[in-house]
Amino acid sequence: MKESGTANGLHGTHDINIEQIESFEGMIRDDRLSSLVDWLNAMLPDLRLPLDTTEEELRGCLIDGTIFCTILNKLHPGSVEMDCGSEYGPTNVKNFLTAMDEMGLPSFELSDIEQGHMIPVLECLKTLRLCFNPNDEANSFQNPSRKRWSLSSEFESIKLKQGCYADLSDATVLELMKSSSFDNVSTQSLFGILYRIMDESIERKKDVPHRVACLLRKIVEEIEWRVSTRAKNLKNQNKLFRAREEKYQSRIRALETLAKGTMEENVVVLNHLQHMKFEKSKLEEKGKAEEQDVLELKKEKVQKDLEISRLREELESRRKMHEVHCLQLEAQAEDNKVLLENKLKELECLLSDSSKKVDELQSFSESKQKRWKDMERSYQSFIDQQFGVLKELRDATKSVKREVLKTRKSYSEDFNFLGIKLKGLVDAAENYHSVLAENRRLYNEVQDLKGNIRVYCRIRPFLPGKSKKQTVIEYIGENGELVVSNPSKQGKDIHRLFKFNKVFSPAATQEEVFLDTQPLIRSVLDGYNVCIFAYGQTGSGKTYTMSGPNLSSKEEWGVNYRALNDLFQISQSRRSSIVYDVGVQMVEIYNEQVRDLLVVDSSQRRYPLFQSFEFYFLCSLPY
Ligand SMILES: Nc1ncnc2c1ncn2[C@@H]1O[C@H](COP(=O)(O)OP(=O)(O)OP(=O)(O)O)[C@@H](O)[C@H]1O
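The chain goes by Minus-end-directed kinesin ATPase in an unreviewed UniProt entry, where it is assigned to Hibiscus sabdariffa. Under the Sequence similarities (unreviewed entry) heading, UniProt states for the chain: "Belongs to the TRAFAC class myosin-kinesin ATPase superfamily. Kinesin family. KIN-14 subfamily."

Now the structure itself:
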C-alpha cells in the first residue's frame, strides 16, 4: 500500500492522535452543516445565511420556529399553522413538531432547539430536505458551482484505477468526506462498500488505514442515521396508525350504537305495525257496525218520509190558515191605514203649530241674540273703557312713582334742611333755658316784691236758711279793704276797717281763689318753700276753700287739689329736661294741737312738736 509522503496527521495509522481525529470529525460535521445552510438559503432566498454559520448561530435562526413552519408549508401547503405574533415564543416550534408527528416524520424535542444538542434538529432538517427531493436528493439545492458526487461510481473508478480502497489518498478520502455524496448512495451500496473494505482488509491481513477508518465511520454513521430515521419514521407511522385505529374504533363503536338504535327502531316499527293491525280489525268491526247502522237508518228514513208527507199535509192546512189570517190582517191593515191617515193629519196640524212655534222661537232667539250682541258691545266698550282707565291708572301710578321719587328726594332735602333748622332750634333751646332761668329769677323776684307773707280774706256766703240781712259786711274794696259793722258799738267804733292783700267776696269761685296763690305754688318748682295756711273759726269755710265740697267735680276742687294738679302738669311738660320729686304734707292745728291729716289712724294724728317752735316750723313746711 502506497502512502503519500508529505501527509501529516492524517497520513498513516500509527502516528495519528485523538486531537487530529476530532478535528477531522469536526470538519466532517461542519461540512454537513454548511450543506444544510446552503439548502436553507436555496429554500428561503431572503435568509442569506453564510456558509460558515455555526450551530449556535443556526439555533438562533431556527428557535422561533418560523423557518420550520415555512419549509413544511412549502412541502405540504397548509399543514402547519403559523403564529406571526410570537417573536421568540415556542408556539411555531410546537405547531411544527405536532405537524411533523401527524405526518409521521422524525422530529426533535423542544428542549433540543432551546438549549440542547443540535444534532436531532439538524437530522430533522435533513429529513425535510430528503422529503423535498426523494429522487434528486439534497444536492439539487446546493450551489451549482459545487461538485456533484456520485460516490459509488467514484469508489468504483478508484477501485478500478488503484486496485483497492486502502490505496486511496488522503486528499481523495477528504474530498469524499467533505462532499455530501452519501446522500446519493443507497444503503445497500453503502453496505457493499463496507463489506468490500472489510473483505479487502481480511484478504490483505492488514489493519485498515486511518483515513479509510474515518471513511468507514462516516459510512457507518450514515447507515446508523438512516436506520434511526427509518425507525423513527416507523415509530411515527405506528403512532399515526394507532391514532387512526383509535379513530376507526370509535367510528365502529358509533356504528354499533347506530345499529343498536336501528334495531330498537325496528322493534318500535313492529309494535307500531301490530298496533295498526289491531286498529284495522277494530275499523273492520266498526265498518260492520256502521253497515248495520245504515240499515237502521234506511228504516228510519222510510219512517221519516212518512212523517214528512204528514208534515206536508199539515203544512198545507197551515198555509191555508195563514192565507185566511193574511186576509184578516189586510182588512185590519186597511182599518189601521185609515186611522193612521187621520193621525197623520193631526200630526200635520201639530207640525204646522210646531213650525209656527219654531218661527216664534227663532224670532225670540234672534231678538235674544241681538240683545246679547248689544250687551257684548256694551261689555266690550266697558272693557275698553276699563282698559283706558287701567292705562290712565298705570300712567297715574307712573306719575305717582315719579312724584314719590321726587318727594323722597325733596324729603331728604327737607330732612337735611330740618336737621339744620333743628340744630338752630337746639341752639335756641339752649338759649331758651338760659332765658327761662332768667325769667324764673325775675318771676321769683316779683313774688318777693309782692311780699313773702300774704293774707287773703274769703267771705263765706250765708248758709241755706240764714237771713242775708244779718250781714256785718259793709264794704269790700278792690285792693283788700274790708269794712265791717258792729251794731253793738257806738260812734266811730260801729265801723271797723281791715286791710288784706285781697278780699274774696261770697261770690268768688274756687278758681278765683286758687289763681292768686298759683304763682306762689309754682315757685316751689324753682326751689322755694311755700306754706298756705287757712285760719278761721269753726264753720267759716276752711275745708271748703282748701279741699272743696265735692271732689268728683273739677270745678269745685279746692286749693290743695288744684295746686297738686298744676304742679303735676308742669312736671309732666318738663319731663324731657327736668325730673321732679313731689311730696305732700297736710296738717291741722286745732285746739293748739297739730295733727297730720294724711295719717289714716286718727290716734296717731298728733304731731310731736314743741310748742315754742310750732309756728315757725309750720311756716317753713314745704307745700
Ligand atoms: N264759700 C262758700 N260757699 C258756699 N258754702 C260755704 C262756703 N264756705 C263754707 N261753706 C259752707 O259752710 C259750712 C262750713 O264750712 P266748713 O266746714 O268748710 O267750715 P270749717 O271752717 O272747716 O269748720 P270747722 O273748723 O268746724 O271744720 C259748710 O257746709 C260749707 O259747705
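Continuing now.
### Overview of the overall build of the chain
For the chain, the count of helices and strands is 14 helices and seven strands. Within the chain, buried positions represent 11% of all 623 residues. Here the contacts in the chain between residues at least 6 apart in sequence split such that 55% fall between residues at least 24 apart.

### So, the site of the ligand
Close to the ligand lie Arg-460, Pro-461, Leu-463, Gly-536, Thr-538, Gly-539, Ser-540, Gly-541, Lys-542, Thr-543, Tyr-544 and Pro-549, which account for all nearby residues. When grouped by side-chain class, the residues that make up the shell around the ligand number four nonpolar, six polar and two charged.

### Focus on unusual backbone geometry
Phi at Arg-48 is positive, roughly 50 degrees, even though this residue is not glycine. Following the sequence through the fold, Arg-48 ends up in the loop between helix 1 (18-43) and helix 2 (55-62). For Glu-592, which is not glycine, the phi torsion reads 60 degrees and is therefore positive. By the element assignment, Glu-592 lies in the loop between strand 6 (587-590) and strand 7 (593-596). C-beta crowding within 10 Å serves as the criterion here: with 7 such atoms nearby, Glu-592 is assigned to the exposed category.

### A word on the pairing of strand 7
Of the pairings in the sheet, the one linking strand 6 to strand 7 comprises four bridges and is antiparallel in character. Each residue of the ladder has a partner; that of Tyr-590, found in strand 7, is Gln-593. Counted between consecutive antiparallel strands, the loop separating strand 6 from strand 7 contains two residues, among which Asn-591 sits at a positive phi close to 50 degrees.

### Describing the environment of Ile-521
Position of Ile-521 relative to the elements: it lies in helix 11 (residues 510-522). Note on Ile-521: 20 C-beta atoms within 10 Å, which makes it buried. Placed 10 residues apart in sequence, Ile-521 and Cys-531 show a C-alpha to C-alpha distance of 8.7 Å.

### Notes on the nonpolar core
The nonpolar side chains of a soluble globular protein tend to be buried, and buried together. In this structure, Leu-36, Leu-62, Phe-68, Leu-72, Phe-96, Val-121 and Leu-125 are the most contacted members of the largest nonpolar core, which totals 26 residues. Where this core is concerned, the elements lending two or more residues are helix 1, helix 2, helix 3 (66-75), helix 4 (91-103) and helix 6 (119-132). Counting residues in each nonpolar core, the second largest holds seven residues, with Ile-197, Val-212, Leu-215 and Ile-219 among its members.

### Considering the packing of helix 3 against helix 4
Packing of helix 3 against helix 4 brings their axes to within 8 Å, and their N-to-C directions diverge by 35 degrees. Here helix 3 runs over helix 4; the crossing is left-handed. Side by side, helix 3 and helix 4 meet where Thr-66, Phe-68, Cys-69 and Leu-72 of the first sit next to Asn-92, Val-93, Asn-95, Phe-96 and Ala-99 of the second. The residue inventory of the contact of helix 3 with helix 4, partitioned by class, reads six nonpolar, three polar and no charged.

### So, the packing of helix 9 (residues 187-204) against helix 10 (residues 210-450)
Where helix 9 contacts helix 10, the axes come no closer than 10 Å and their chain directions differ by 150 degrees. Between helix 9 and helix 10 lies a crossing whose hand is left-handed. Contacts from Thr-187, Leu-190, Ile-193, Leu-194 and Ile-197 of helix 9 reach helix 10 at Val-212, Leu-216, Ile-219, Glu-222, Ile-223 and Arg-226.

### Some words on the sheet that holds strand 4 (residues 495-499)
Spatially, the three strands line up as an open sheet ordered 2-3-4, and their pairing is antiparallel. Across the chains shown, the open sheet's two edge strands, defined by having one partner strand only, are strand 2 (473-476) and strand 4. When the angles between neighbouring strand axes are averaged without regard to direction, this sheet yields 20 degrees. Two strands pair when backbone bridges link them, and strand 3 (residues 481-485) and strand 4 are joined in this way by five bridges, in the antiparallel orientation. From the neighbouring strand, Leu-482 faces strand 4, where its bridge partner is Phe-498.

Conventions adopted
Residues numbered from 1 in each chain as written. Predicted model: local features only at pLDDT ≥ 70, side-chain atom pairs only at ≥ 80, totals over all residues. UniProt positions renumbered as here; feature names shortened; annotations may be inferred. Helix = DSSP H or I, 4+ residues; strand = E, 2+ residues; numbered from the N terminus. Buried ≥ 20, exposed ≤ 12 C-beta atoms within 10 Å, placed from the backbone. Contact = placed C-beta atoms within 7 Å. Near = placed C-beta within 6 Å. Nonpolar A, V, L, I, M, F, W, Y, C, P; charged D, E, K, R; others polar. Pairing = 2+ DSSP bridges. Core = buried A, V, L, I, M, F, W, Y, C linked by C-beta atoms within 7 Å. Axes fitted to C-alpha atoms, helices over the stretch in contact; angles between N-to-C directions. Left-handed = near helix turned anticlockwise from the far one by under 90°.

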